[in-house]
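Listed here are the chains, written in short residue letters.
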Amino acid sequence: MAGGVAVEREQLPSIGSWDRWSATKRGRGAARFIVSRPGVARERADIRERVRSVRDLRHPSLSRLIAFREEPEAEVIEDVGEGAVLDRLSDRAISAGGVIGVLEALAYMHRAGVAHGNVRREALVARDGRLVLTGAAIGAGGEDGFVADVRAWAKLAVELLADYRGPLASAVVETSRRILCQADDVAPPAGRLASALRRAWREAGPEAVADEPAGSADGTLMKVLHALGDILLGVLTTVITGGVIAGAVVLGAMWFLDQLPQEVPVPDVVGLPREEAREILQRAALQVGGVRPAYSDEYEPGEVIATKPEGGMLVRQGREVTLVVSLGSAQVEVPSVTGLTVREARELLGESDLQLEVLGQTRSSAPKGEIVRQNPAPGERVARGESVYVQVSGGPQFGRLEVPTGDGETAVAYFRTLKITVPAGDPLQRVRILEGHDEPLEVTYDRLHRPGDTIEFETWGREGKRIEVWIEGERIYRTQL
């Protein structure tokens, strides 16, 4: 109990290797959440990318992802409001319309290029008279899961509605059974199937949702089944399971297919500029459904790396095609900034998406303010966003001090202030500074720092003293007085 709010957790059936709980927050603004934790190391490593692909999805029959935590333990949290997990409910709380809503949520995910992969009773919640599908962020993903999602929905629909006696429920069950009789890799797209069910429901009228005695059959049921037959005939006729389908069914399927948009091959636009690829797809009666950026060493920025569906695949006219567009190489070549001023070097490095870090000034015959050393060296390839460390000339007399000795002579000492910024990387990084005239050098600074910390280190000594800076076992800078 904290601040008058209590949180209760109840273990739920697992989905695959994911452990799940129902977390109920009581008090003002009561709410209920589904909390999922991966039980396999591979899934913990892959979950960040999966969450990124579904975090912006919003649909009435799809739970809302409200939080994702990586530390101290990976955890996905979905908001289900006051919904109750379906496994805890009686069958009378389920409606055929709610089952169709789950299918529409799948169609919505598929349009976004995401498959669910866990369509089963344990993933459902009943809320406000409808069913809500949870677990989108822990699913299998990938377009190869679209057919599997529809078949899993069909199996679930038969399970949930088997005891119902109403025209709509009977029609959904009959449709689901037909899907389950097909080959494993064949099923109508979720969006087209959901649209046909909704359209049949509207055409059947209000009586379609009323329960009927077992075994009854009326004209309403026949209307619904007839409408659904139109969408399924096109799929059923593509599957030969032995024998020849009756001639009347073949003729009906041919008529139905003739009414559908024609199939066209997806043009191969890989390697073309984005806008040119868009024009070619539009001329083929296809649409650009989305653009996904990705780094590529092979293609220039703005060129198409791949399409989904791939070039050459047959699709219906009007289908959306996703373009994967190159951001350019993930690595860039470090330019030479020696001889430039700090401002000039920062502008030049910015053109290559690199950062500039000034370590300080050094004594040099070069003009004051001019860069005299850099690391990494020119021509090296590094990741975008990395830092290039430089040292700036302070002039020939920088850090030089003449000190009188007791015997009337004059000794020359050199002073230096190093400014070190810890780069992005591990949460804690060891910074070590080594100094001396002879091998081995002496460690004079050895501490842990966080990325972004700035260290100012002052040193002095006679001419020829060597100084090296190491971060996480890698030497990033060296000089001498």
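As a reminder, the structure under discussion sits directly above these lines.
Below or above, wherever it landed, is the structure these notes cover. (Residues numbered from 1 in each chain as written. Predicted model: local features only at pLDDT ≥ 70, side-chain atom pairs only at ≥ 80, totals over all residues. Heavy atoms only, no water.)

## Here's the deal with the pattern of salt bridges
Considering all chains together, one arrives at 16 salt bridges under this definition. A salt bridge links arginine 69 to glutamate 75, with the nearest nitrogen and oxygen atoms 3.2 Å apart. One salt bridge in this structure joins aspartate 446 and arginine 430, with 2.8 Å as the shortest N-O distance. With aspartate 446 in strand E22 (residues 442–449) and arginine 430 in strand E21 (residues 429–436), the pair connects residues that are 16 residues apart, well separated along the chain. Classification of arginine 430 as partly exposed rests on a relative accessible area of 36%. Overlapping salt bridges bring together Glu439, Arg466, Glu468 and Arg475 as one network. (Salt bridge = Lys/Arg side-chain N within 4 Å of Asp/Glu carboxyl O. Helix = DSSP H or I, 4+ residues; strand = E, 2+ residues; numbered from the N terminus. Buried < 20%, exposed > 50% of the residue type's maximum accessible area, 1.4 Å probe, protein only.)

## Here's the deal with the packing of helix H2 (residues 96–111) against helix H4 (residues 167–180)
Remark: H2 packs on H4, axes separated minimally by 9 Å, with the N-to-C direction vectors making an angle of 40 degrees. Classified by the angle between their axes, H2 and H4 sit oblique to one another. Along its contact with H2, which presents Ala96, Gly97, Val99 and Ile100, the element H4 presents Leu168, Ala169 and Val172. Its residues placed into classes, the contact of H2 with H4 shows six nonpolar, one polar and no charged. (Axes fitted to C-alpha atoms, helices over the stretch in contact; angles between N-to-C directions. Parallel < 35°, antiparallel > 145°, perpendicular 65-115°, else oblique. Contact = heavy atoms within 4.5 Å. Nonpolar A, V, L, I, M, F, W, Y, C, P; charged D, E, K, R; others polar.)

## Structural notes on the pairing of strand E24 (residues 466–471)
Judged from the six bridges that link them, E21 and E24 form a sheet pairing that is antiparallel. In the strand pairing of E24, glutamate 435 is matched with isoleucine 467. Across six bridges, the pairing between E24 and strand E25 (residues 474–480) is antiparallel. Counterpart to arginine 466 in the pairing with E25 is glutamine 480. Counting the residues that bridge the hairpin from E24 to E25 gives two residues, and of these glutamate 472 lies at a positive phi of roughly 55 degrees. (Pairing = 2+ DSSP bridges.)

## What to know about the sheet that holds strand E6 (residues 84–85)
Strand order in the open sheet formed by three strands is E6-E7-E8, with antiparallel pairing between adjacent strands. Either end of the sheet is taken by a strand with one partner, and the two such strands are E6 and strand E8 (130–133). Inspection of the sheet shows strand E7 (residues 124–127) paired to E8 by four bridges, in the antiparallel sense. Residue pairing in the sheet places alanine 126 in a bridge with leucine 131 of E8. Its contacts with the sheet place H2 against E7 and E8, and it is angled at close to 30 degrees to E8.

## So, the packing of aromatic side chains
For any two aromatic rings, the description comes down to two numbers: the centre-to-centre distance and the angle of the planes. Inspection of the entire model under this criterion finds one aromatic pair. Relative to phenylalanine 457, the ring of tyrosine 445 lies with its centre 6.0 Å away and its plane at 75 degrees, an arrangement referred to as edge-to-face. Here tyrosine 445, found in strand E22, pairs with phenylalanine 457, found in strand E23 (residues 454–461); they are 12 residues apart in sequence, far enough to count as distant. On the basis of relative accessibility, which here comes to 11%, the residue tyrosine 445 falls in the buried class. (Phe/Tyr/Trp six-rings, centres within 6.5 Å; stacked < 30°, edge-to-face > 60°.)

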